[in-house]
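Now for the letters of each chain:
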Amino acid sequence: MDTTIRNLDEAVYRALRSYARKKRLTVGETVTEALRAYLLRPEPTKSGSIRDLVPEAWPEGNEHSSEEIDITVYDTILLRPHGPAVSKLSWAETAEQIATARENWDARDTQTYRE
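Quick caveat: nothing in here was measured; it's all calculated off a predicted structure. The residue numbers shown here count from 1 along each chain, following its written sequence. For this predicted model, a pLDDT threshold of at least 70 governs which residues receive local features, and a threshold of 80 or more governs which side-chain atom pairs are given and counted, while totals over whole chains, interfaces and linings are taken from all residues. Side-chain measures were taken over the full set of non-hydrogen atoms in the model, leaving aside hydrogen atoms and water.

## Quick word on the overall build of the protein
Part 1 of the argument: When you go through the protein residue by residue, the secondary structure sums to 4 helices and 0 strands.
Part 2 of the argument: What counts as a helix is a DSSP run of H or I of at least four residues, what counts as a strand is a run of E of at least two, and both are numbered from the N terminus. Secondary structure elements of the protein, listed N to C terminal, follow the sequence α-α-α-α.
Part 3 of the argument: Burial statistics for the protein: of 115 residues in total, 5% are counted as buried.
Part 4 of the argument: Looking at the protein as shown, the accessible area adds up to about 12,200 Å², and 55% of this sits on carbon and sulfur atoms. Three exposure classes are used, based on accessible area relative to the maximum for each residue type with a 1.4 Å probe and protein chains only: buried under 20%, partly exposed in between, and exposed over 50%. Accessible surface is estimated by sampling points in the Shrake-Rupley manner with a 1.4 Å probe; for residues, cover comes only from the protein chains shown.

Shown next as structure tokens:
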């Protein structure tokens, strides 16, 4: 289909034409590819809620970025635990310890405290 596009930014057109040449495509094929990609993108959410945000994975090699930022900004790692490292229990181990503890909860005060 032949069509005319008006009011196209000249710098954008030059970049599009350059991209098309590098890929050995026509400008029309490149515009079609760009429009398809644009139309296939996910629709933005209408609510604008922070709950709609999806976390993205950090690239490889950035596992310690938070610590590096803490050292750069605060000259220390803020969330580093003090003392020797303590191994964490799995969920199964935690449930087993609770079950075998046989704590007597009857004597505990269950009233809500008011300030």
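There's more to say after this.
## Some details on the packing of aromatic side chains
Part 1 of the argument: Each Phe, Tyr or Trp ring (for Trp, its six-membered ring) is paired with any other whose centre lies within 6.5 Å, and the angle between the two planes then decides the class: stacked below 30 degrees, edge-to-face above 60, tilted in between. According to the stated counting rule, one finds 0 aromatic pairs in the structure shown.
Part 2 of the argument: Against the face of Y38 rests R41, its NZ or CZ located 3.8 Å from the ring centre. Distance and angle both matter: a charge sits over a ring if NZ of Lys or CZ of Arg is within 6 Å of the ring centre and within 35 degrees of the ring normal.

## Thoughts on unusual backbone geometry
The phi angle of most residues is negative, glycine excepted, and most peptide bonds adopt the trans form.
Part 1 of the argument: Residues other than glycine seldom take positive phi values, yet N7 does so here, at roughly 60°.
Part 2 of the argument: The residue N7 is located in the segment before helix 1 (10-23) in this model.
Part 3 of the argument: On the basis of relative accessible area, N7 is assigned to the exposed category, the value being 83%.
Part 4 of the argument: Positive phi, close to 60°, is recorded for R24, a residue that is not glycine.
Part 5 of the argument: In this structure, R24 sits in the loop between helix 1 and helix 2 (27-40).

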